[in-house]
Amino acid sequence: MAAWKAGLASAVLGISVWQLVVWGTGVPRFILPGPDLVARTIWTSRALLAEHAMITVAEVLIGLGLGAILGAVSAVALAASPLARALVRPMLVFSQAIPVFALAPLLTLWLGYGLASKVFMALIIIYFPVTSSFFDALMRTNPDWLRLARVMGGGRARVMWHIRIPAALPGFASGLRLAAVYAPIGAIIGEWVGASKGLGYLMLLANGRAKTDLMFAALIVLAVFTILLHATISELAKRLLEDR
Amino acid sequence: MIPSPALHLRGTAEVGGMPVFENIALNAEGGEWTCILGSSGVGKSTILKLFAGIDDEIRLNGTVEAADGPLAGRVALMAQDDMLLPWLSVRENALLGARLRGSKPDRDRLENVLVRVGLADMADRRPRELSGGQRQRVALARVLMENRLIVLLDEPFSALDARTRAQMQELTAALLLGRTVILVTHDPAEAARLGHRILIMYRNGIVEFPVPSGPVPRACDARDVLTAQAELLTRLREDDAWQGRNILEPTQ
């Protein structure tokens, strides 16, 4: 409850500073619209915002789901096989040296202007954090448990399924929490490069027409969605993993 | 029931090029409790690892065997850390071995074992809801479910309070009756109560210590047990002095 109150107080503080800057400097509203104007725009353009938000939300959720599955499978494969580790890990690290932003135009070229290129963008941006945090956790299984399993005569696949994976789920959950914040970034970048729908597209459109208040409105809708997504995943992880 | 086999270990062991013990000859009689005492780092746990087959980092120049055949698949292990999986219930933890081998869990036997270790009404609880003594009883139930003739105990009672420890010693002695047990312990009182044989281990050999009279588990307050306990402690401290250690001075 205290954290909830602190969050609210922090929001009030931020909005107050924002409003004070607008009043104090007297900047025109196409440069920096005040919070009151943005709030009114969110209300009056709610249908437009909702329509575009639906698209972005779909991209993020599909990307997150696919990225989580792919990341989990990769992490287990890497943890199970030393050969896979030797071959794939350097590639994974190298892939992190490529700025994902640079890939966006390429993805649009390959996958088109629709949903697929944004989903894929969200997927690749979260793939590494999910894989890496789950893999690290899989490699840190309590060695006593593994020794016990050996004395019991447990098979490798069963030890993986019954001990290593359940023990590593908190690591997987922290990867997903990061992914909840990264996935919207991926989707938005994808929309900036080429799209006709979505909050990212709306932001570019509003910016081009000097409708800065609408741009801010889209930004705030996106931020609220991201925070809700992160909070939902954290809460789910906490409930499902309360034994640990 | 097939008689529990005697165990033999002889030879010299190294871990990472560093010698752990030299020219040891250890014989544990079948169906008896053999207690091993000795100062830290003398290789007591190494002996258990060799018998358990979790010996990747140990280089043994010698032999480790059961009198009647191979050791693999015939050993159960219980240690100071209960090694319970926190996400599994008491019942599921006790059945872990069957799960890991992909064999059909024996539910009837499980209910029987849970009654015998006194956990029948806690079968669905998680480890975090249990006390230290209760958790060790789950570990004991897991050993009993494995139903192996050879049981290796690595200081299983050392983290328990005195009363719980005495209870656990009696329960374990009763339930592991007839199996070949090797107990590594730091506690002279425990060895005096539980050992059919008591061995003191040094870096270069093993010395047998005469056991107190009476069947195992012996009473904590029996005169013989108390005398043996005191003598064992004296012997262990002489070992420290022989190694030039003095607890009043900081160790390097």
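Residues numbered from 1 in each chain as written. Chains lettered and ligands numbered in written order. Predicted model: local features only at pLDDT ≥ 70, side-chain atom pairs only at ≥ 80, totals over all residues. Heavy atoms only, no water.

1. Here's the deal with the packing of helix α3 (residues 46-80) of chain A against helix α10 (residues 212-240) of chain A
Residue and element names in this part refer to chain A.
Inference 1: Packing of α3 against α10 leaves a shortest axis separation of 11 Å and a crossing angle of 35°. Judged by the twist between their axes, the crossing of α3 over α10 is right-handed. Here Leu-48, Leu-49, Ala-53, Thr-56, Val-57, Val-60, Leu-61 and Leu-64 of α3 lie close against α10, whose contacting residues are Leu-214, Ala-217, Ala-218, Val-221, Leu-222, Phe-225, Leu-229 and Ile-233.
Inference 2: Of the residues in the contact of α3 with α10, the class split is 15 nonpolar, one polar and no charged. (Axes fitted to C-alpha atoms, helices over the stretch in contact; angles between N-to-C directions. Helix = DSSP H or I, 4+ residues; strand = E, 2+ residues; numbered from the N terminus. Left-handed = near helix turned anticlockwise from the far one by under 90°. Contact = heavy atoms within 4.5 Å. Nonpolar A, V, L, I, M, F, W, Y, C, P; charged D, E, K, R; others polar.)

2. Describing a nonpolar patch on the surface
Residue and element names in this part refer to chain A.
Inference 1: A surface patch of nonpolar side chains, about 540 Å² in accessible area, is lined by Leu-106, Leu-109, Trp-110, Leu-111 and Phe-120.
Inference 2: Element by element, the count of residues in the nonpolar patch is highest for helix α5 (residues 100-111), at four residues.
Inference 3: Structurally, Trp-110 is set in helix α5. (Patch = residues over 30% accessible without salt bridge, like charges linked within 9 Å, V, L, I, M, F, W, Y side chains within 5 Å. Areas by Shrake-Rupley, 256 points an atom, 1.4 Å probe, with all protein chains shown as cover. Salt bridge = Lys/Arg side-chain N within 4 Å of Asp/Glu carboxyl O.)

3. What to know about the confidence of the model for chain A
Inference 1: Residues with a pLDDT of 70 or more make up 100% of chain A, whose mean pLDDT is 93.
Inference 2: Averaged over each element, pLDDT in chain A is lowest for α5 of chain A (88) and highest for α3 of chain A (96). (pLDDT = per-residue confidence, 0-100.)

4. A look at the environment of Ile-185 of chain A
Inference 1: When you line up the elements, Ile-185 of chain A lands in helix α8 (residues 156-193).
Inference 2: Note: C-alpha distance between Ile-185 of chain A and Gly-112 of chain A (73 residues apart in sequence) is 19 Å.

5. Overview of the pairing of strand β6 (residues 150-154) of chain B
Residues and elements named next belong to chain B.
Inference 1: Most of β6 is tucked away, with four of its five residues classed as buried.
Inference 2: In this sheet, β6 lies alongside strand β5 (residues 75-79) in parallel orientation, the contact comprising five bridges. From the neighbouring strand, Ala-79 faces β6, where its bridge partner is Asp-154.
Inference 3: Across five bridges, β6 lies against strand β7 (residues 180-184) in parallel orientation. Residue pairing across strands places Ile-150 opposite Thr-180, the latter belonging to β7.
Inference 4: What joins β6 to β7 is helix α6 (residues 162-175), and the crossover it makes is right-handed. (Buried < 20%, exposed > 50% of the residue type's maximum accessible area, 1.4 Å probe, protein only. Pairing = 2+ DSSP bridges. Right-handed = clockwise from strand over helix to strand, strands pointing away.)

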